[in-house]
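Fold and contact review
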Amino acid sequence: MYIDGQWCEATSRKSFEVFNPATREKIGEVPNGTREDARQAIAAAARAYASWSKLTAYQRSAYLYRAYQLMMERKEELARLMTTEQGKPLRAARNEVQYGADFLLWYAEEAKRVYGETIPSARPDQRFIVLYQPVGVVAAITPWNYPISMITRKVAPALAAGCTIVLKPSEETPLCAVELFKIFHEAAIPAGVVNLVTAQDPDPIGREFVENRQVRKITFTGSTEIGKLLARGAAEQMKRVSLELGGHAPFIVFEDADPVHAARGASLVKFLNTGQTCISPNRVFVQRGIIERFVAELKNRVSQMKAGSGFDEGVSIGPLVNEAALAKIERQVDDAVMHGASVVTGGARLRGDIFDKGYFYAPTVLREVTTTMLIYREETFGPVLPVIAFDTEEEVLAMANDTSYGLASYVYTRDISRAIRMYEGLEFAIVGINDINPTSAAAPFGGMKESGLGREGAREGLQEYLETKLVGIAV
Ligand code: NAD
């Protein structure tokens, strides 16, 4: 762990093991942090806040820029560790390291643009000034599916704003966090500004984050269930919260779209990270007139996808994160088939030599999926793509919005008016129009409805770490 600028053991002196999900081999051990460790890390962050928040934006920017440069130098090393620890194919891991580094660079620049405002008053003898100040000590919790970029997406804007931070990464992927913190250490970020607490049981750490009065903000990326739990706890002290939660993205293909292009898009974005992505399409709605051509192309592409170790050439499907994830996919697919869905390709756990060692599920396409099936309602988080037929624009918009989630959505159409009607009508905070990658460090990422609160990336992502202060001056 990394507390107050020092690498340290847990106060319990215990550690826990980390495994490769493709082979189930042990790949490392990290300290098993306790609530006391979280308390110490928060105290360190609170001490460091006094001086860090007083630095100029230019000084804070220089640290972030140095961390960005170090990350770029270590890109390959970080990507290899990510493939080993998390399982995604090496090419995807390289992309994630780049995406993660982008946040350091973007916020190194944006740190210098925290502009205030003056507002005209109705009184001639009054002036209004609005200024932005850092919220204070931030506690961050991140998931395993994007084990590096989800950390920099929080650390970079927090530091840019003048906040200090304590991070608890996922217990599935703590090694990526450790490597990232080595970079923060080498970038000479002052002691206490960034702190890392690793723990096998997240619950006591989360409680300390919520209950410790020195923590002024909680930022969380993970499941909606845990996000709600933290938000309920944070409400007690009215701590600020940013929540990046689950998704249930619709992928809508209209008859006027090119079915080959749309099927290519669906297959690329769905199976990214083996479907373990919050913006992964979970429900593919295809207008009846092109459904056969779309499904044929999809089948052609998906059935050729190669599963295996992320280090093997040509592999695009890595393992799922653990046995529970595999069991969830099996349950959803079995339920869908039992209720009348048909399997176009895949549909089962992969068996045999290399597959028995890890948690592999075949890339799967289902059709004749209906609203009564679990897969229609639940976030899937695995390599299964359910296809649902629709007839009209009004019908598909209602179906797409019929979920408590509101993160990403996708629309394929060549009709500009329809595209506008759709992006205006979709209750999702991210809409890709003929585009499967509407994400960037420069663009606001987040969810509507139960997919979250607040945004990460872009100018909005910095605002999350700032308080607005109004000064009224009588002259
Ligand atoms: P998760 O909620 O189980 O875990 C996320 C983090 O919360 C982990 O660090 C975990 O240790 C911690 N945690 C779990 N229980 C906790 C508790 N009681 N107190 C405090 N912390 C606790 O989610 P996951 O399985 O790691 O990640 C997958 C989920 O994350 C999916 O729902 C996915 O959609 C979501 N996600 C969202 C985004 C986004 O930007 N919206 C990005 C990536 C992942």
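Here, the structure is the one placed above.
Residues numbered from 1 in each chain as written. Predicted model: local features only at pLDDT ≥ 70, side-chain atom pairs only at ≥ 80, totals over all residues. Heavy atoms only, no water.

Relative to the helices and strands, Asn401 resides in helix α14 (residues 393-401). Accessibility expressed as a relative area gives 13% for Asn401, which makes it buried. Here Gly425 takes part through its backbone oxygen, which lies 3.0 Å from a polar atom of the side chain of Asn401. Ignoring any residue separated from it by four or fewer positions in sequence, one finds Asn401 in contact with Gly425, Leu426, Glu427, Phe428 and Lys449. (Helix = DSSP H or I, 4+ residues; strand = E, 2+ residues; numbered from the N terminus. Buried < 20%, exposed > 50% of the residue type's maximum accessible area, 1.4 Å probe, protein only. Polar contact = N/O pair within 3.5 Å; in protein donor to acceptor, adjacent residues only side chain to side chain. Contact = heavy atoms within 4.5 Å.)

Now for the site of the ligand. Near the ligand lie 29 residues; those nearest to it are Thr142, Arg153, Glu171, Ser223 and Glu379. For the ligand, an oxygen atom lies 3.3 Å from a polar atom in the backbone of Gly222. In the environment of the ligand, an oxygen atom lies 3.4 Å from a nitrogen or oxygen atom belonging to the side chain of Glu244. For the ligand, whose free accessible area comes to 850 Å², the fraction covered by protein is 89%. Listed by contribution, the elements that provide at least two residues to the shell around the ligand are α5 (149-161), α7 (202-211), β10 (215-221) and α8 (224-235). (Near = heavy atom within 4 Å. Areas by Shrake-Rupley, 256 points an atom, 1.4 Å probe, with all protein chains shown as cover.)

Turning to the packing of aromatic side chains, a few remarks are in order. Here the structure, examined in full by the defined rule, presents 13 aromatic pairs. Residues Phe355 and Phe360 carry aromatic rings whose centres are separated by 5.2 Å and whose planes lie at 65 degrees to one another, so their mutual orientation is edge-to-face. A relative accessible area of 17% places Phe355 in the buried class. By relative accessible area, Phe360 is classed as buried at 2%. One aromatic cluster in this structure is built from Tyr2, Trp7, Phe181 and Phe184. We note Lys217 situated over the ring of Tyr465; from NZ or CZ to the ring centre the distance is 5.1 Å. Its end group placed over the ring of Tyr376, Arg283 keeps NZ or CZ at 6.0 Å from the ring centre. (Phe/Tyr/Trp six-rings, centres within 6.5 Å; stacked < 30°, edge-to-face > 60°. Lys NZ or Arg CZ within 6 Å of the ring centre and 35° of its normal.)

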